Every structure is written in structure tokens, then in C-alpha cells.
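Report on the structure
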Amino acid sequence: MNHLAKALFICGCITWSSSVVFGQNEIASKKFLQHERVVGAGKCIECHESEVSAWRATPHYENKDLHTKDKAREIARKMGIASAARIRSSQLCVQCHFTAQKLGNAPSRVIDGVSCESCHGGAKHWLDIHNTGDRRDGNDTTAARTKAVEAGMLPPDDYCSIAQNCFSCHIVTDEKLVNVGGHPAGSADFELVAWLEGMVRHNFFASNGKTNDATPIERRRMLYIAGVALDLEYSLRGLARAKKKADYGKFMGRSTQTARTALNSIVKTLAENAPEQLEQMITAVNKPGLLKFFNVGPLTAAADSVSASLKDFCRQHNGHSFGAIDGMLPTEGRGPVFQP
Ligand code: HEC
Ligand code: HEC
Ligand code: HEC
Ligand code: HEC
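So, about the overall build of the protein chain. Counting secondary structure elements, the protein chain contains 15 helices and 2 strands. Expected size for 340 residues packed as a compact globule is a radius of gyration near 20 Å; at 21 Å, the protein chain falls within 12% of this value. Burial analysis of the protein chain (340 residues in total) assigns 35% to the buried set. Considering only contacts within the protein chain whose residues lie at least 6 apart along the sequence, 71% involve residues at least 24 apart.

Let us now look at the site of ligand 2. Ligand 2 sits among 25 residues. The nearest are K71, A72, C93, C96 and S187. Where the shell around ligand 2 is concerned, the elements lending two or more residues are α4 (70–78), α5 (91–97) and α9 (159–170). No other element matches the 5 residues that α5 contributes to the shell around ligand 2. Its residues assigned to classes, the shell around ligand 2 shows 15 nonpolar, 7 polar and 3 charged.

Now for the site of ligand 3. Around ligand 3 sit 20 residues in total, of which P59, N63, N165, C166 and C169 are the nearest. Breaking the shell around ligand 3 down by element, the ones donating at least two residues are α3 (59–62), α5, α6 (116–120), α9 and α11 (192–197). When residues in the shell around ligand 3 are grouped by element, the largest group, 6 residues, is from α9. Residue composition of the shell around ligand 3, by class: 12 nonpolar, 7 polar and 1 charged.

Counting 47 residues, the largest nonpolar core has L192, A226, A229 and V306 as its most contacted members. Elements supplying a minimum of two residues to this core: α9, α10 (175–179), α11, α12 (217–240), α13 (247–270), α14 (276–285) and α15 (296–316). Per element, the largest residue contribution to this core is 13 residues, and it comes from α12. If we ignore the near neighbours within four places in the chain, the residues touching A226 are C160, A163, L192, L310 and C314. Counting 7 residues, the second-largest nonpolar core is a separate cluster that includes A76, I81, L92 and C93.

Quick look at the packing of α14 against α15 now. Orientation of α14 relative to α15, taken along the N-to-C sense of each, is 175°, at an axis distance of 9 Å. On the basis of their axis angle, the class for α14 and α15 is roughly antiparallel. Mapping the contact onto sequence places Q277, L278, Q280, M281, A284 and V285 in α14 and A302, S305, V306, S309, D312 and F313 in α15.

This paragraph deals with α14. Residues three or four positions apart in an α-helix share a direction because the helix packs 3.6 residues into each turn. What α14 keeps buried is the set Q277, L278, M281, A284 and V285. For α14, the arc enclosing every buried residue in end-on projection is 115°, short of the 170-degree limit, so these residues lie on one face. Turned more than 90 degrees off the buried face of α14, the exposed positions are E276 and T283. Looking at the buried side of α14, the elements it contacts are α12, α13 and α15.

Let us look at the confidence of the model for the protein chain. Within the protein chain, residue pLDDT values average 89, and 91% of them lie at 70 or more. Ignoring residues within four places in sequence, the model shows residues 1–30, a span with pLDDT below 50, making 39 contacts including any to other chains.

Right, let's get into the environment of R88. Summarising the element assignment, R88 is placed in the loop between α4 and α5. Here the alpha-carbon distance between R88 and T99, two residues 11 residues apart in the chain, equals 9.8 Å. Among residues more than four places away in sequence, those in contact with R88 are H67, V94, F98 and V110.

Of note in this structure, N208 is not a glycine but carries a positive phi near 60°. Note on placement: N208 falls in the loop between α11 and α12. Phi at A271 takes a positive value of approximately 45°, unusual for a residue other than glycine. Residue position: A271 is located in the loop between α13 and α14.

What follows deals with the environment of K102. The topology assignment puts K102 in the loop between β1 (99–101) and β2 (109–112). Overall, K102 belongs to the partly exposed group, with 14 C-beta atoms counted inside 10 Å. Separated by 22 residues in the primary sequence, K102 and G80 have C-alpha atoms spaced 24 Å apart. K102 has contacts with H35, E36 and S108, leaving out every residue within four places of it along the chain.

Rules used throughout
Residues numbered from 1 in each chain as written. Chains lettered and ligands numbered in written order. Predicted model: local features only at pLDDT ≥ 70, side-chain atom pairs only at ≥ 80, totals over all residues. Helix = DSSP H or I, 4+ residues; strand = E, 2+ residues; numbered from the N terminus. Rg over C-alpha atoms; globule rule 2.2 N^0.38 Å. Buried ≥ 20, exposed ≤ 12 C-beta atoms within 10 Å, placed from the backbone. Contact = placed C-beta atoms within 7 Å. Near = placed C-beta within 6 Å. Nonpolar A, V, L, I, M, F, W, Y, C, P; charged D, E, K, R; others polar. Core = buried A, V, L, I, M, F, W, Y, C linked by C-beta atoms within 7 Å. Axes fitted to C-alpha atoms, helices over the stretch in contact; angles between N-to-C directions. Parallel < 35°, antiparallel > 145°, perpendicular 65-115°, else oblique. Arc of directions from axis to C-beta. pLDDT = per-residue confidence, 0-100.

This is the structure we're talking about:
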């Protein structure tokens with residue numbers, strides 16, 4: 001029996017008694033898309049036609065008809081959602097499956113599946129700022145881009161923050177939804193580079209919409225490392241809030257262990273080029289006895305520590321000196337790359 005299995009076995013006998021720290025339906029570290037700020041992909045198409053076409057070929061777009069699926073109806077019923085139609089108005093499902101918009105005093109209304117704004121931020125306050133110039137025409141757009149970010153835009157350069165959104169949806173840290181609702185605990189084989197470089201890829205900027213280019217290798221290295229760190233952070237938070245030894249907690253335990261192993265091998269492979277932020281993460285998560293059920297304080301502290309080190313890592317590095325991990329990067333993307 002490995003350490004984790006042992007820990008899970010031992011702790012499974014203890015019933016959860018101490019204070020319940022998190023609300024039943026709260027999603028860990030999820031940055032909710034504010035419905036008041038949503039403008040809709042229809043506002044992007046005029047200038048980003050290829051991006052919109054690429055997105056429309058992904059399940060992020062197609063999942064609009066979720067409420068008609070048997071499995072969705074079953075989950076909703078088990079979660080006490082009154083009717084299948086309510087799936088589209090239940091914030092529990094909407095936060096991960098849809099983009100909802102709130103106009104004036106009218107109630108929020110689902111307008112799309114997972115959309116541009118689910119990843120880049122609600123655009124109401126940045127739409128008309130971010131496009132005041134175009135650097136492809138030789139303009140200096142630095143000031144406008146800074147302003148757009150201040151107004152809530154997550155730009156491609158801030159890929160570590162965008163990636164956080166991926167994990168807040170693709171790791172489902174809601175125990176009831178999984179154990180009672182029967183919802184998957186997340187996308188088991190989610191790996192940031194592969195899942196971003198396949199059907200989700202929309203790198204048209206440099207070619208002005210003509211070709212969907214691969215993400216440069218330096219950035220892919222950064223994304224690979226950031227993906228492992230985020231996987232670790234979200235799984236640690238997920239494990240921290242497990243109140244039972246059942247499907248949800250077991251998934252989080254396995255997922256934490258896999259991510260920790262992956263991080264250890266990145267650091268080993270980078271050897272003398274391993275940055276201090278990754279060493280800090282290793283110190284935070286390699287503590288003996290950390291990965292066990294009901295270890296709320298230490299697990300949360302480890303997740304916070306990984307998160308802080310990751311922010312610093314993303315600020316300080318650009319991937320140039322991490323060539324040693326190229327052999328670890330996935331060679332195939334998830335799903336076909338859209339080309340115009
Ligand atoms: C009227 C045209 C126009 C519309 C509408 C528009 N954009 Fe843009 N967008 C641009 C231009 C021009 C740039 C390049 C700005 C620059 O060079 O700094 C850009 C840049 C971007 C970038 C960053 C690219 C980079 O590498 O910095 C993102 C992300 C983006 N737009 C998303 C969106 C989204 C999402 C929408 C809809 C909510 C949208 N845009 C609507 C014209 C537009
Ligand atoms: C934390 C984000 C999150 C929440 C909350 C969430 N989902 Fe999901 N859901 C996902 C993700 C991510 C997937 C895709 C998982 C995968 O890769 O297989 C998914 C998949 C599904 C599937 C397909 C499952 C299968 O076995 O094929 C259904 C149906 C579904 N969700 C329904 C719901 C319903 C109904 C709700 C609200 C009660 C809900 N989801 C809430 C993120 C979420
Ligand atoms: C707002 C929540 C949300 C965000 C943010 C999000 N996803 Fe998803 N994603 C989903 C859901 C839900 C599905 C399942 C859709 C379905 O099948 O109905 C999904 C499906 C996918 C799929 C299709 C998987 C398959 O093979 O069917 C890929 C690839 C993917 N996401 C990659 C990403 C990446 C990469 C990011 C971040 C850059 C990301 N997602 C951000 C919710 C999200
Ligand atoms: C699943 C999350 C997700 C969705 C949905 C999404 N984006 Fe992006 N977008 C990203 C990420 C991550 C990057 C950075 C990609 C990279 O570095 O490889 C990016 C990059 C971009 C870029 C710059 C690409 C380049 O060539 O430099 C633009 C412009 C953009 N997105 C616009 C949009 C528009 C418009 C939509 C909606 C049609 C959209 N995005 C939907 C996550 C997303």
C-alpha cells in the first residue's frame with residue numbers, strides 16, 4: 001500500500017466532526033464571471049471572426065443544450081433542482097457550463113456555453129478600451145492594454161491567470177455534486193498544454209486571422225509547469241474539503257498525488273535550472289503525512305503556498321531556460337486544431 005492509500009484507509013475510519021469550513025456548493029477559488037459584465041461573443045465576431053469560428057467547433061460552445069441530456073437531468077434531480085429547464089438558471093450548473101448575462105433589472109439569462117468571456121473576463125468595461133489601437137499596424141498599444149487589464153480583461157500574456165479559470169471548472173471541488181449528484185469530479189486526464197493546443201487553440205493574432213499557429217515552445221513550457229502546479233493547488237483544495245471517504249475525496253487524493261509526482265519530476269529534470277519557486281512548491285507538498293483526509297489546515301496551507309509560488313514563477317520566468325523538459329510536453333493536442 002502506498003502512503004496515500006494508507007492515509008486514506010486510516011482516516012476513512014474517522015468521522016468528520018470538527019467545524020465545516022466550506023459551504024456545500026461553494027467552488028474552490030472560482031472567479032465567478034459577473035453576469036452584469038457579459039457582452040456576449042456576438043460582440044467579438046466583427047473583429048475576431050476566426051477565433052469565434054474556432055470556438056464554435058468546441059464543446060465549450062456546443063454545451064448549450066446540456067439541459068436536454070439524460071445524464072444532466074439525472075444530476076439535477078439528485079441535486080434537488082426542480083426541473084430540467086432550471087439547469088440553465090441554476091447558478092450551480094451555470095457557473096461552469098454556461099455564460100449568463102444580466103441586463104438592467106431583468107434576471108440573468110444564459111446566452112452561451114463556455115465563452116470568450118469565461119476565459120478572458122466579462123468585457124463590458126474593457127471591450128471599447130482594448131481595441132483603441134492595433135499593434136499589428138505599428139501602434140504602441142501598451143497604455144490601452146494596461147487599462148483593459150485594469151478593467152477586468154485577462155489577456156493572452158497573463159496565461160497563468162486564464163489557466164486558473166480552466167482548473168476552476170475542470171476540477172470539480174464540490175463534494176455533494178460528485179457524491180450525491182453523480183457528476184464527474186473533473187476531467188481526469190486534463191493537461192493544460194494538450195487541452196489548450198488542440199481544438200481549443202485560437203492563435204490567429206500574428207497572422208491576422210489566417211492561420212491558427214502553435215503556441216511558441218517557451219510559452220508551452222511555462223503552460224506545462226503552470227498546469228501541473230494548478231492541478232496540484234486545486235486538488236489539494238479539493239482534498240481539504242472532503243468530508244467523506246467516497247468518490248469525490250478519492251478522486252482528489254489520486255489527483256493530488258499524480259500532480260505532486262509530476263512536479264517532482266519536472267524539478268528533477270530541470271536540475272540546476274529548476275527555479276526557486278518550484279523548489280518552494282516541492283517543500284510545501286512533500287511533507288510526510290500531508291496527503292490524507294480531514295487534514296484541512298495543512299492541506300489548505302500547502303495549496304495557498306503553491307498558489308503564491310506559482311504567481312511569482314509566472315511573473316519571473318519566460319520558459320527560455322527550461323528546454324530540459326521538452327521531452328515531457330505532450331506531442332498531440334486534445335481534438336483537432338481548427339484552421340480557417
Ligand atoms: C472593433 C474590433 C474589436 C472587437 C469588437 C473586439 N476586439 Fe479584441 N482586439 C481587437 C484589436 C484591434 C486587438 C489588438 C489590440 C492591440 O494590438 O493591443 C484585440 C485584441 C484582443 C485580445 C488580446 C490579443 C493580444 O495578444 O493582446 C483579446 C484576448 C481579445 N481582443 C478578445 C476580444 C473579445 C473576447 C472580444 C469580444 C468580447 C473582442 N476582443 C472584441 C479588436 C476588437
Ligand atoms: C466546477 C464546475 C462544474 C459544475 C459546478 C458543474 N459541472 Fe458539469 N461538468 C463540468 C466539466 C469540466 C465537465 C466535463 C468533464 C469531462 O471532461 O469529462 C462536466 C460534465 C458534465 C456532464 C457530462 C457528464 C458525463 O458523464 O458525460 C453533465 C451531464 C454535466 N456536467 C451536468 C452538470 C449539471 C446538471 C450541473 C449542475 C447541477 C453541473 N454539471 C455542474 C464542470 C462542472
Ligand atoms: C467556465 C468553465 C470552463 C472553463 C473556464 C474552461 N472549461 Fe473546458 N470545458 C468546460 C466544460 C463544462 C466542458 C464539457 C463540455 C461538454 O462536453 O458539454 C469543457 C470541455 C473542454 C474540452 C473538450 C474535451 C473533450 O474532449 O470533449 C477541452 C479540450 C477543454 N474544455 C479545455 C479547456 C481549457 C484548455 C481551458 C482553459 C484555457 C478550459 N477548458 C476552460 C468548462 C470550462
Ligand atoms: C477556454 C478558454 C478560452 C476561451 C473560451 C477563449 N479563449 Fe482566447 N485565449 C485563451 C488562452 C489560454 C489564450 C493564450 C493562448 C496561448 O498562449 O497559447 C488565448 C488567446 C487569445 C488571443 C490571442 C491569440 C494570439 O494569436 O496571440 C485572442 C485574440 C483571443 N484569445 C480571443 C478570444 C476570443 C475572441 C474568444 C471567443 C470567440 C476566445 N478568445 C475564447 C483562452 C480562451
